[in-house]
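Letter by letter, the chains look like this.
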Amino acid sequence: MELTVLERRRNPLLRREEVRALISFEGGTPTRREVREALAKALGKDVSVVFVRRILTEYGTRRARVLAMVYENREYALKIEPEHVIRKNEGQAS
């Protein structure tokens, strides 16, 4: 999987960075966990503060657009992120 960060926008009010990225892959679409780990590594952050909101696969291609939120700390992320997004990123059933 190859990851390219397209946009990083700082949101000081919510103490986070909103990241848009493009991933290229072989085979099936990468899991949320794989994308989360790749983003954390690319941004130099801990996986626990990265929350993938959306993975949109482009029809007929092996690419997907990703929207993720990267918080300053985990406690603040748990206050802001919707519960279903936290469950999806933590690997728990919805």
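Just so it is clear, the model here is predicted, and its values are computed rather than measured.

Trainee: Explain the environment of His 84 residue by residue, including any values.
Mentor: Tracing the chain through its elements places His 84 in helix α3 (residues 83–90). C-alpha separation for the pair His 84 and Thr 31, spaced 53 residues apart in sequence, amounts to 16 Å.

Trainee: Break down the nonpolar core for me, citing the residues and quoting the values.
Mentor: In this structure, Ile 23, Val 35, Leu 39, Val 50, Val 52, Val 66 and Val 70 are the most contacted members of the largest nonpolar core, which totals 15 residues. Within the residue set of this core, elements represented by two or more residues are β2 (16–24), α1 (32–43), β3 (50–57) and β4 (63–71). When neighbours within four sequence positions are excluded, Val 66 is seen to be in contact with Val 19, Arg 20, Ala 21, Ile 23, Val 35, Leu 39, Val 52, Arg 54 and Ile 55. The next biggest cluster of nonpolar side chains, apart from the first, holds 8 residues, and it includes Phe 51, Tyr 76, Val 85 and Ile 86.

Trainee: So what about the packing of α1 against α3? Which residues, and what values?
Mentor: Relative orientation of the contacting elements α1 and α3 amounts to 90°, with a least axis distance of 8 Å. By the angle class used here, α1 and α3 are roughly perpendicular. On the side of α1, the interface is formed by Arg 32, Arg 33 and Arg 36, while α3 contributes Lys 88, Asn 89 and Glu 90. For the contact of α1 with α3, the residue count by class is no nonpolar, 1 polar and 5 charged.

Trainee: Give me the lowdown on the pairing of strand β1 (residues 2–11), citing residues and values where you can.
Mentor: Relative to β2, β1 runs antiparallel, the two being bridged by 9 bridges. What sits directly across from Thr 4, in β2, is Leu 22. The hairpin turn running from β1 into β2, its antiparallel successor, is 4 residues long, and Arg 15 in that turn takes a positive phi close to 55°.

Trainee: Could you give an account of the packing of aromatic side chains, naming the residues involved and the relevant values?
Mentor: Scanning all chains against the criterion turns up 1 aromatic pair. Ring plane angle 75° and centroid distance 6.2 Å describe the contact between Phe 51 and Tyr 71, whose orientation is recorded as edge-to-face. With Phe 51 in strand β3 and Tyr 71 in strand β4, this residue pair connects regions lying 20 residues apart in the sequence. In this arrangement the basic side chain of Arg 15 is found over the ring face of Tyr 76, its NZ or CZ atom lying 4.4 Å from the centre. Taking NZ or CZ as reference, Arg 36 lies 5.1 Å from the ring centre of Phe 51, over its face.

Trainee: Run through the pairing of β2, naming residues and quoting values.
Mentor: Sheet topology note: the β2/β4 ladder contains 9 bridges and is antiparallel. Bridging across to β4, Val 19 finds its partner in Ala 68.

Trainee: Outline the side chain of Glu 17, listing residues and values.
Mentor: Structurally, Glu 17 can be placed in strand β2. For Glu 17, a relative accessible area of 15% translates into the label buried. Side chain to side chain, Glu 17 and Arg 8 meet in a polar contact 2.6 Å long. Sequence-distant contacts of Glu 17, that is, excluding residues within four places in its chain, are made with Arg 8, Arg 9, Arg 10, Ala 68, Met 69 and Val 70.

The rules behind each value
Residues numbered from 1 in each chain as written. Predicted model: local features only at pLDDT ≥ 70, side-chain atom pairs only at ≥ 80, totals over all residues. Heavy atoms only, no water. Helix = DSSP H or I, 4+ residues; strand = E, 2+ residues; numbered from the N terminus. Core = buried A, V, L, I, M, F, W, Y, C linked by side-chain atoms within 4.5 Å. Buried < 20%, exposed > 50% of the residue type's maximum accessible area, 1.4 Å probe, protein only. Contact = heavy atoms within 4.5 Å. Axes fitted to C-alpha atoms, helices over the stretch in contact; angles between N-to-C directions. Parallel < 35°, antiparallel > 145°, perpendicular 65-115°, else oblique. Nonpolar A, V, L, I, M, F, W, Y, C, P; charged D, E, K, R; others polar. Pairing = 2+ DSSP bridges. Phe/Tyr/Trp six-rings, centres within 6.5 Å; stacked < 30°, edge-to-face > 60°. Lys NZ or Arg CZ within 6 Å of the ring centre and 35° of its normal. Polar contact = N/O pair within 3.5 Å; in protein donor to acceptor, adjacent residues only side chain to side chain.

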